[in-house]
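Breakdown of the fold
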Amino acid sequence: MRTPFDPKNPHAGQPVVAQGPKPTDARLTMILVHGRGASADDILGLAQELKFDDVACLAPQAAGNTWYPCSFLAPMEQNEPGISSAIRVLSRLLESLGEQGVDSERIAFLGFSQGACLALEFAARHARRYAGVFALSGGLIGPPGTPRNYTGAFGGTPVFLGCSDIDPHIPLERVHESAEVFGWMDAKVDERIYPRMGHTVNHDELQAIQTILRARHVHASR
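Residues numbered from 1 in each chain as written. Predicted model: local features only at pLDDT ≥ 70, side-chain atom pairs only at ≥ 80, totals over all residues. Heavy atoms only, no water.

Concerning the nonpolar core
Of all hydrophobic cores here, the largest spans 43 residues; its most connected members are Phe-109, Phe-154 and Phe-182. Of all elements in the fold, only strand 2 (28–33), helix 2 (82–99), strand 4 (107–112), helix 3 (114–125), strand 5 (132–136), strand 6 (158–164) and helix 4 (172–184) reach the threshold of two or more residues within this core. Considering each element in turn, this core owes the most residues, eight residues, to helix 3. Excluding anything up to four places from it in sequence, Phe-182 contacts Leu-120, Ala-123, Ala-124, Leu-140, Phe-154, Val-159, Ala-187 and Val-189. Core analysis: the next-biggest nonpolar cluster, separate from the first, contains 26 residues, Met-30, Tyr-194, Ala-208 and Ile-212 among them. (Core = buried A, V, L, I, M, F, W, Y, C linked by side-chain atoms within 4.5 Å. Buried < 20%, exposed > 50% of the residue type's maximum accessible area, 1.4 Å probe, protein only. Helix = DSSP H or I, 4+ residues; strand = E, 2+ residues; numbered from the N terminus. Contact = heavy atoms within 4.5 Å.)

As structure tokens, this is what we get:
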């Protein structure tokens, strides 16, 4: 039975689309967060390009295909209750995986655009050791000057941030700021800025994610 729509928690009850093995059978589980106007199926298409058959993929769907209505640089209250509802969706996914015996070191996050912003913001608010956090064309949420008083540490979690230097939606300064925040929270940050790329994903980014996830395989099998 579908959960009735709650305007105060708009993303509650939305479907989570799964691809690949069950998380309990997989080497790793990746939670993928789609961008504005896109869908869970769209971001799973990106996951297919990574070509891992031992990674479970879970992609939550945003209500109306949008996690929050305004730019990620807008005052937080203008993007509520969307941000808080989306954070709860990701938190519940993490909790559910934990209940299945899948700990955070076997869980990675990948997001593009609005989904990358959300993945970074969620991870910063829930810092712990993850298999990886991959943000393609995104940055931490909030207007310039937002306090970044997050608590916790990432314990060396690999964090990848890839973005164009001329992205029309993501200011370069915010990418730099996000990388710095994750660095002082004890993440192993790889920030790559691509000249004149635009708002898209490139092959180098996919290769970087593949490399990190393969290395996690070596660690897991020791």
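From this point on, the discussion continues.
Considering the pattern of salt bridges
Overall, the coordinates contain nine salt bridges when judged by the stated rule. Residues Glu-121 and Arg-125 are paired through a salt bridge, measuring 2.9 Å at the closest nitrogen-oxygen approach. Here the residue Glu-121 and the residue Arg-125 both occupy positions in helix 3, the gap between them amounting to four residues, near one helical turn. Given a relative accessible area of 36%, Arg-125 falls into the partly exposed group. Close ionic contact of Asp-204 with Arg-192 constitutes a salt bridge, the shortest N to O distance being 2.8 Å. Of this pair, Asp-204 sits in helix 5 (residues 203–220) while Arg-192 sits in strand 7 (residues 188–194), and the two are 12 residues apart along the sequence. (Salt bridge = Lys/Arg side-chain N within 4 Å of Asp/Glu carboxyl O.)

Some thoughts on the side chain of Gln-114
Tracing the backbone through its elements, the reader meets Gln-114 in helix 3. Of the polar contacts made by the side chain of Gln-114, one reaches the backbone nitrogen of Trp-67; its length is 2.8 Å. Residues in contact with Gln-114, not counting those within four places in the same chain, are His-34, Gly-35, Arg-36, Thr-66, Trp-67 and Tyr-68. (Polar contact = N/O pair within 3.5 Å; in protein donor to acceptor, adjacent residues only side chain to side chain.)

Quick look at the sheet that holds strand 7
If you trace the seven strands from one edge of the open sheet to the other, you get 1-3-2-4-5-6-7, paired in mixed fashion. Whereas interior strands pair on both sides, the edge strands pair on one side only; in this sheet they are strand 1 (16–19) and strand 7. On average, each strand axis in the sheet is tilted by 15 degrees relative to the strand beside it, whichever way the strands run. Judged from the four bridges that link them, strand 5 and strand 6 form a sheet pairing that is parallel. (Pairing = 2+ DSSP bridges. Axes fitted to C-alpha atoms, helices over the stretch in contact; angles between N-to-C directions.)

Coordinates in, geometry out; function isn't part of it.
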